[in-house]
Amino acid sequence: MAAAGIIDAIGVISGLLGIFQFGIDNFAEQKSVGSTIRVTVGLDTAGGLSNAGGDLPDVRLFNEAGKFIGIKAGPGKVKDGGFGDITIDHNDDTTQQPTYALFSANKDAICVAYTAITWPNGDKYTWVGNWGHQCGGTWYYSNVYVSGSNEKPDCLWIDGNNDQPQSGFQVHWPEFVQKEDDTPIDQIDQSAKIDRLCNAGPPFKMYKYADVHDPKSLTYWTINNKRDENDSATEGTAVAYAPSKRAASAKFGSSHYPRSNGTAAAGGSNPHLNRLVMSSAAQHTAAGLCESETSLGPDFLNVADGTFCRMSDKTLWPVCDATANIVDSCFNKDSQQLVVNGLATRDSPYEHVTDWTSA
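Visitor: Any chance you could explain the sheet that holds strand S24 (residues 343-344) here in plain terms?
Guide: Adjacent strands of a sheet pair through backbone hydrogen bonds, lying either parallel or antiparallel. A sheet is described by the order of its strands in space; here three strands give the open sequence S22-S23-S24, paired in antiparallel fashion. The sheet is open, and its two borders are formed by strand S22 (330-332) and S24, each paired with just one other strand. Relative to strand S23 (residues 337-340), S22 is paired through three bridges, and the arrangement is antiparallel. Directly across from Phe331, in S23, lies its bridge partner Leu338.

Visitor: It is not clear to me how the state of the cysteines should be interpreted in this structure. Could you clarify?
Guide: Where two cysteines share a covalent bond between their sulfur atoms, that bond is called a disulfide. With the rule as written, the count across this model stands at four disulfides. The disulfide partner of Cys111 is Cys155, and the S-S distance across this bridge is 2.1 Å. Linking Cys111 and Cys155, the disulfide has an S-S dihedral of approximately 90° and is accordingly described as right-handed. Within this pair, whereas Cys111 is found in strand S10 (residues 110-118), its partner Cys155 is found in strand S13 (residues 154-158), the two being separated by 44 residues in sequence. Paired through a disulfide, Cys135 and Cys198 show a sulfur-sulfur distance of 2.0 Å. In this structure, the disulfide formed by Cys135 and Cys198 twists by about -75° around the S-S bond and is classed as left-handed. Pair noted here: Cys135 is in the loop between helix H1 (130-134) and strand S12 (139-141) and Cys198 is in helix H2 (residues 187-199), with a separation of 63 residues, a long-range link. Of note for the protein chain: the bonded cysteines, numbered N- to C-terminal, pair according to 1-3, 2-4, 5-6, 7-8.

Visitor: Would you take a moment to explain the pattern of salt bridges for this structure?
Guide: A side chain of one charge can pair with a side chain of the opposite charge if their charged atoms are brought near each other. A full pass over the atoms with the stated rule returns five salt bridges. Ionic pairing is found between Arg310 and Asp313, a salt bridge with its closest N-O pair at 2.8 Å. Within this structure, Asp55, Lys77 and Asp108 form a network of salt bridges that share partners.

Conventions used here
- Residues numbered from 1 in each chain as written.
- Predicted model: local features only at pLDDT ≥ 70, side-chain atom pairs only at ≥ 80, totals over all residues.
- Heavy atoms only, no water.
- Pairing = 2+ DSSP bridges.
- Helix = DSSP H or I, 4+ residues; strand = E, 2+ residues; numbered from the N terminus.
- Disulfide = S-S within 2.5 Å.
- Salt bridge = Lys/Arg side-chain N within 4 Å of Asp/Glu carboxyl O.

Have a look at this one:
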């Protein structure tokens, strides 16, 4: 049970369900006939994540029956490591609950660490970027804390001009709130719940630029009085549509240009070949990056567990340790070189090394 002033959100850590606790200061102020969403993005670090800030997404809100109730287009900019508050006025001044939100990226990509919404009646819900990682989106370590906790969620990249694969995502807020005794303990049940949240459609869904440049519709649960939420066979879905934004929203014009954002190569080059990130945080694992098909970013060393991920080919290596007789096919953290067959694999040292070990 959450303490007063604390919102428990369901997250996923190393493939297992976990709880992220959000203090009230993570949420924007209540509006009487509208909702406000706070979008927090990852922190740029020298040689690590870069250009995590950019254009805040357009936001469209829908009620539980899939009815469109409001839009905010072109809400402005957000700086890396910071947040932006987006106020969405409800149509006809309705105070209906906006249980669904659709986030559509604009053309300056951002890496979303977490979002939090305050409804007109003051109810508060949140979603963390770890779900983007878990469900197959392009991601990296955000290096921003959930305020009032020691948790640093991953961040999900979204972009409106195809520099990143995802052009947006949707969230059904109530499905990411921790209910008392609601988290499965059995690993099979946990896997089933994670699969549902990632793949059922309404709870969380990412939209790819290759399929839709500017998402304007979402998938929602159809309301059935006989519906059993624990029996997927009785669940039905439908698609809800929202209007396009105004003419000023012609964001896919001729001004497209490639940009380096710390996880994608610009102009065909790899901006990460000369970058190394070092961390001692338990949630920042080299194995997690190497084993993920969608992680993109600099080479990564976890000094606490003694592992190194070479991101160019997603291979995992131990740290060299003479006392354990590990002197070859290992990463030498002093010279910052991967040593194979007695030879350093790099012709030159890293140009940028980001040290998160003191963070």
